[in-house]
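# Descriptive structure summary
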Amino acid sequence: MVDLKNKVSRLAGKGERSVIREILKLLDKGDIISFAGGLPSPESFPVEDIRKMCDKVLSEDGTSVLQYGATEGDKVLCQQLADYNNKKNFNITAKNVLPTASSQQALDIVGRMFLDKGDNIIMGLPSYLGAINAFKAFEPNIIGVKLDEKGLSATLMEKALIELEAKGQKAKFIYMVPDFQNPAGITMPKERRLEILALAKKYDLLIIEDSPYCEIRFSGEAQPTFYSLDDSGRVLNLGTFSKILAPGFRLGWIISSEEILDCAIVVKQTMDLCTSPFVQRVVGRYMQEGLLEPNIEKTVASYKQKAEAMLQSFEKFMPEGVSWTTPEGGLFLFLNLPAHLDAEKLMTIAVRDYKVAFVPGVVFHCDGSGKNTLRMNFSYESVEAIRKGVQRLAEAIKASL
């Protein structure tokens, strides 16, 4: 056998398996209720509509969409995404849109564009694990800023920026999921967004606005995006069809200035040359036919019911000392356990003895904190399974206490 120790690159050697993907492997047994993955409900997938759209695209454009395509993306999809986001006051054209192979590729592109070893970046405590892992590959210094009830704290962020300045350093960018944050489920209000945007201008930072769940709002008032509030060209807005249509398409996008996208296109050409032209055209035509928004409405109604079932079950079953966030949309919420409990140890007990799974919150904290927290997904399981699973989890917590 070949000894790989001295052959793999430093980048590959530093990589770690996704904690969430490893947890999901446990669920093949079939008897475990899972709140672990960020999986959309299979009931939200418009299978018949997609089948019809695939037939239509192959009939009308088969030879062209089965060929290589431009890195810049399919013209139909880019125009549809521009039109769709202009309803949110983006004021963009198709030239401001770059389709990607999922938003995870978009995060990788961001890292490749902006990060060198030792660069400083700012993320929330907690933050999306996929972003932490994508950026870690480039060996930056990740500065964690705690979240409060309004999201990433502007006060603590400025304190961190001042400390960097005192050392003669700056940060490259701030990464945020401002709507129904993964994992905490918190939505940042407009006034906090304006505070952070002002800090970005003051300290010359880029803003990476990751918005995979923005459309999945089932209560409260929609907040303006960072992209729509910005007038300085410093925001990259990342989106995906994984949560609003189907993750199997592996289709996302970056929206930003043409200058930034020119750089992103060069980076993407070293990765995959182009995102699948066939998939892009199918989704573009799906949007053209006016099918996306009705499907989102159906998905939102379902997730609202499931989130309410989970919150009601928490109230009914959770022991004293456990608290949680109350999301206005998205797929997740966050639990805080009593300080002395370790969610990783609890997970072992919960999966083994109570047949229920979640993700320990420590993996979402770039500094290793959050050991007494955990993330819960409410989109995948049925309402009945949610109630049963929360009861099981509560019993596991009580046993640990």
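Please refer to the structure higher up on the page.
## Describing the overall build of the protein
Counting secondary structure elements, the protein contains 14 helices and 14 strands. Rg of the C-alpha trace for the protein: 21 Å, near the compact-globule value of 21 Å for 401 residues, within the 12% margin. Projected onto the principal axes, the alpha-carbon positions of the protein cover approximately 60 × 60 × 60 Å. Looking at the protein as a whole, 56% of its 401 residues qualify as buried.

## Structural notes on the environment of Cys274
Its place among the elements puts Cys274 in the loop between helix H10 (258-269) and helix H11 (277-288). Given a relative accessible area of 12%, Cys274 falls into the buried group. Residues Cys274 and Glu72, spaced 202 residues apart in sequence, show a C-alpha to C-alpha distance of 7.6 Å. When neighbours within four sequence positions are excluded, Cys274 is seen to be in contact with Tyr68, Gly69, Ala70, Thr71 and Lys268.

## A closer look at the pairing of strand S9 (residues 252-255)
Going residue by residue along S9, you find Gly252 and Ile254 tucked away on one face and Trp253 and Ile255 tucked away on the opposite face as well. Two strands pair when backbone bridges link them, and strand S2 (residues 97-100) and S9 are joined in this way by four bridges, in the antiparallel orientation. Across the sheet, residue Thr100 finds its bridge partner in S9, namely Gly252. As judged from the four bridges shared by strand S8 (residues 235-240) and S9, these two strands associate in the antiparallel manner. Its bridge partner lying in S9, Gly239 is registered against Trp253.

## Topic: helix H13 (residues 343-354)
Along an α-helix, residues three or four positions apart point the same way, because every turn accommodates 3.6 residues. Between its first and last C-alpha atoms H13 spans 14 Å; for 12 residues at 1.5 Å apiece the expected length is 16 Å, and the helix comes up short by more than 12%. Ala343, Leu346, Met347, Ala350 and Val351 are the residues of H13 that are buried. Each buried residue of H13 lies within a common arc of 125° when the element is viewed along its axis, so the set occupies one face. Exposed positions of H13 whose direction lies more than 90 degrees from the buried face are Lys345 and Arg352. Its side-chain oxygen at 2.8 Å from the backbone nitrogen of Glu344, Asp342 defines the N-terminal cap of H13. Looking one or two residues past H13, Lys355 carries a phi angle of roughly 55°, positive in sign.

## So, the pairing of S8
Counted residue by residue, S8 has six buried out of six residues, so it is predominantly covered. Judged from the four bridges that link them, strand S7 (residues 206-210) and S8 form a sheet pairing that is parallel. Bridge pairing in S8 places Asp210 opposite Leu238.

## Description of helix H5 (residues 102-114)
With 13 residues, H5 extends 19 Å from end C-alpha to end C-alpha; this agrees with the ideal 18 Å at 1.5 Å per step. Within H5, 10 of the 13 residues are buried, which leaves the element mostly enclosed by the surrounding structure. If you check the start of H5, you find a side-chain oxygen 3.3 Å away from the backbone N of Gln104, and it comes from Ser102.

## With respect to the sheet that holds strand S11 (residues 332-336)
Taking strand neighbours across the sheet as the criterion, the four strands line up as S10-S11-S14-S13 in an open arrangement whose pairing is antiparallel. In this open sheet, the two strands that pair with only one neighbour each are strand S10 (323-324) and strand S13 (359-360). Here S10 runs beside S11; their pairing, made up of two bridges, is antiparallel. Looking at S11, one finds that Ser323 is bridged to Asn336. Strands S10, S11 and strand S14 (373-377) of the sheet are contacted by helix H12 (residues 292-317), whose axis makes an angle of about 15° with S11.

## Description of the nonpolar core
Grouped together as the largest cluster of nonpolar side chains are 131 residues, with contacts concentrated most on Phe135, Phe173, Ile174, Phe241, Met376 and Leu393. A total of 10 residues in this core trace back to one element, the largest contributor, which is H12. Setting aside residues no more than four positions away along its own chain, Leu393 makes contact with Met318, Leu335, Leu346, Val356, Phe358, Leu374 and Met376.

## Some remarks on the side chain of Arg375
Looking at where Arg375 falls in the secondary structure, it is placed in strand S14. A polar side-chain atom of Arg375 sits 2.7 Å from the main-chain carbonyl oxygen of Ala36.

Cut-offs applied
Residues numbered from 1 in each chain as written. Predicted model: local features only at pLDDT ≥ 70, side-chain atom pairs only at ≥ 80, totals over all residues. Heavy atoms only, no water. Helix = DSSP H or I, 4+ residues; strand = E, 2+ residues; numbered from the N terminus. Rg over C-alpha atoms; globule rule 2.2 N^0.38 Å. Buried < 20%, exposed > 50% of the residue type's maximum accessible area, 1.4 Å probe, protein only. Contact = heavy atoms within 4.5 Å. Pairing = 2+ DSSP bridges. Expected span 1.5 Å × (residues − 1). Arc of directions from axis to C-beta. Polar contact = N/O pair within 3.5 Å; in protein donor to acceptor, adjacent residues only side chain to side chain. Axes fitted to C-alpha atoms, helices over the stretch in contact; angles between N-to-C directions. Core = buried A, V, L, I, M, F, W, Y, C linked by side-chain atoms within 4.5 Å.

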